[in-house]
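# Fold and geometry: a report
Next come the chains, spelled out residue by residue.
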Amino acid sequence: MMLAKYIKDLLYRYDCVIVPNFGGFITNRVGAKIYNDTIYPPNKQVSFNAQLAHNDGLLVNEYALANKISFEEAKKKVSEEVVKWKMFLEEETLHLEGIGSLVYNTDKQLIFEPNKEENLLTDSFGLNPIAISVLEEEKKIVPIVAEAPLAVNEILETSENEESKKSFGFIKYAAAAAILVAGVIGVSKYNTNSQIDNLANEQNALEEKIQKATFIIDDQLPTINFNISKEHTHKIHIIAGAFQLEKNAIKKVNELKSNGFDAKILGKNNWGLTQISVGSYTTKEEAKEVIEHIREKASSDAWILVKE
């Protein structure tokens, strides 16, 4: 499959390579992503559109330059290769090295499966997928013993005991300090006892305040309600056609709507063609369930578009 080599080389440099009378290979740049604990670098995602079958001269010119033959002779060689491809597809799957594989479904529609191991983005040259190593931290389980809640009186008694212990310690050290000072400067025993009495009076006053303390919590916290809405972005579309003239696209939309389809103009693609959508979905599986019905009732060339 020498023709596949030229297609692959062109996909490195261009976003679209058309094989005359066969179809076009289209690339879309996809950013780096993490999947199954592996980091994948940015790459080009390849898709296939059988409607792009006109000869734009890009592939033929590449073939002519590589083989040093005339454009007309190269055009003939490419056409012969395409005939062989179509005959091969009648019996088996066509594998294009570095690009992907093509096969006919039961309705004689070409189904393309890209080669996900090949990265056609030159900016990512030399970048390989990197596996992520997850370090697990050992967690120790500490049992929690539930304690019965304390009543207000018990809380007050606990507070009194703690304060008493603190005050007692303070008095003990204060008394020791007073005695030491008295020995140094000659303070009388009477003055030392007076200082201890004053500290004891202050302790009694503190205990009396604690006994009169009352804890009241009557303020209620306000209730806050959060309304969270989820937006479903439909990235999967079933395309019923692409038109060069916008008026023809509008005419097709009106025709589909009159037949009961939810048709709309999706916008223009990279080649300036106005695309018509007859259904938008969140997953490719949903689109696959209805595409056969749309091909039968709306457009036999309908295909699935995945927008990033």
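In the block above lies the structure referred to throughout.
Treat the numbers as computed from the prediction; the structure is a model and nothing was measured.

Quick notes on the rules
- Residues numbered from 1 in each chain as written.
- Predicted model: local features only at pLDDT ≥ 70, side-chain atom pairs only at ≥ 80, totals over all residues.
- Heavy atoms only, no water.
- Pairing = 2+ DSSP bridges.
- Helix = DSSP H or I, 4+ residues; strand = E, 2+ residues; numbered from the N terminus.
- Axes fitted to C-alpha atoms, helices over the stretch in contact; angles between N-to-C directions.
- Contact = heavy atoms within 4.5 Å.
- Salt bridge = Lys/Arg side-chain N within 4 Å of Asp/Glu carboxyl O.
- Parallel < 35°, antiparallel > 145°, perpendicular 65-115°, else oblique.
- Nonpolar A, V, L, I, M, F, W, Y, C, P; charged D, E, K, R; others polar.
- Phe/Tyr/Trp six-rings, centres within 6.5 Å; stacked < 30°, edge-to-face > 60°.
- Buried < 20%, exposed > 50% of the residue type's maximum accessible area, 1.4 Å probe, protein only.
- Expected span 1.5 Å × (residues − 1).
- Arc of directions from axis to C-beta.
- Core = buried A, V, L, I, M, F, W, Y, C linked by side-chain atoms within 4.5 Å.

### So, the sheet that holds strand β6 (residues 94-96)
Backbone-to-backbone hydrogen bonds pair the strands of a sheet. The strands run either parallel or antiparallel. With respect to topology, 3 strands assemble into an open sheet ordered β6-β7-β8, the strand pairing being antiparallel. The two strands at the open ends of the sheet, each matched to only one other strand, are β6 and β8 (110-114). Each strand axis lies, on average, 20 degrees off the axis of its neighbour in the sheet, ignoring direction. As paired strands, strand β7 (residues 100-104) and β8 are joined by 5 bridges and run antiparallel to one another. Within β8, the residue paired with Val 103 across the bridge is Ile 111. Of the strands in this sheet, β6, β7 and β8 touch helix α3 (residues 71-89), which is tilted by about 130 degrees from β6.

### Quick look at the pattern of salt bridges
According to the stated counting rule, one finds 5 salt bridges in the structure shown. Measuring nitrogen to oxygen at the nearest pair gives 3.1 Å for the salt bridge that ties Arg 13 to Glu 62. Of the two residues, Arg 13 is situated in helix α1 (residues 2-13) and Glu 62 in helix α2 (residues 58-67); the sequence distance between them amounts to 49 residues.

### Focus on the packing of α1 against α3
Running from amino to carboxyl end, α1 crosses α3 at an angle of 110 degrees, the nearest separation of the two axes being 10 Å. Taken together, α1 and α3 sit at an angle that is classed as roughly perpendicular. Between α1 and α3, the contacting residues are Met 2, Leu 3, Ala 4 and Ile 7 on the first element and Val 78, Glu 81 and Trp 85 on the second. Grouping the amino acids of the contact of α1 with α3 by side-chain chemistry returns 6 nonpolar, no polar and 1 charged.

### Quick word on the environment of Trp 271
In this structure, Trp 271 sits in the loop between β11 (264-268) and β12 (274-281). When the C-alpha positions of Trp 271 and Cys 16 are compared, they lie 9.3 Å apart, and in sequence the two are 255 residues distant. When neighbours within four sequence positions are excluded, Trp 271 is seen to be in contact with Asp 15, Cys 16 and Ile 26.

### Quick look at the packing of aromatic side chains
One pass over the full model with this rule turns up 6 aromatic pairs. Residues Tyr 6 and Tyr 63 carry aromatic rings whose centres are separated by 5.2 Å and whose planes lie at 70 degrees to one another, so their mutual orientation is edge-to-face. Here Tyr 6 is found in helix α1, whereas its partner Tyr 63 is found in helix α2, with 57 residues between them in sequence. With relative accessibility at 15%, the residue Tyr 63 sits in the buried group. Through a chain of ring-to-ring contacts, three or more aromatic side chains come together here, namely Phe 22, Phe 25, Phe 48, Trp 85 and Phe 112.

### Thoughts on the side chain of Thr 274
Note that Thr 274 resides in strand β12. Take Thr 274: its relative accessible area is 2%, and that puts it in the buried class. Not counting residues up to four positions away in its chain, the partners in contact with Thr 274 are Gly 241, Ala 242, Phe 243, Glu 246, Ala 249, Ile 265, Gly 267 and Lys 268.

### With respect to the sheet that holds strand β2 (residues 23-30)
Taken together, 3 strands build an open sheet; the order of strands is β1-β2-β5 and the sheet is antiparallel. Edge positions in the sheet fall to β1 (16-19) and β5 (43-49), since each of these pairs with one other strand and no more. Averaged over neighbouring strand pairs, the angle between their axes works out to 20 degrees when direction is ignored. Note: β1 against β2, 4 bridges, orientation antiparallel. Looking across to β2, one finds that Val 19 is bridged to Gly 23.

### Examining α3
Taking 1.5 Å of rise per residue, the 19 residues of α3 would be expected to cover 27 Å, and the 27 Å separating its terminal C-alpha atoms lies within 8% of that figure. For α3, every residue scored as buried is listed here: Ala 74, Val 78, Glu 81, Val 82, Trp 85 and Leu 89. One side of α3 holds all its buried residues, which, seen down the axis, span an arc of 105 degrees. When the buried face of α3 is taken as reference, the exposed residues oriented beyond 90 degrees from it are Glu 72, Lys 76, Lys 84 and Met 87. For α3, the elements touching its buried residues are α1, β1, α2, β6, β7 and β8.

### Side note on the nonpolar core
Membership of the largest hydrophobic core comes to 29 residues, with the highest contact counts inside it found for Leu 3, Ile 7, Val 19, Phe 22, Phe 25, Leu 59 and Leu 102. Those elements giving two or more residues to this core turn out to be α1, β1, β5, α2, α3, β6 and β8. The leading source of residues in this core is α1, at 6 residues. Membership of the second largest hydrophobic core comes to 16 residues, among which are Leu 256, Ala 263, Ile 276 and Ile 294.

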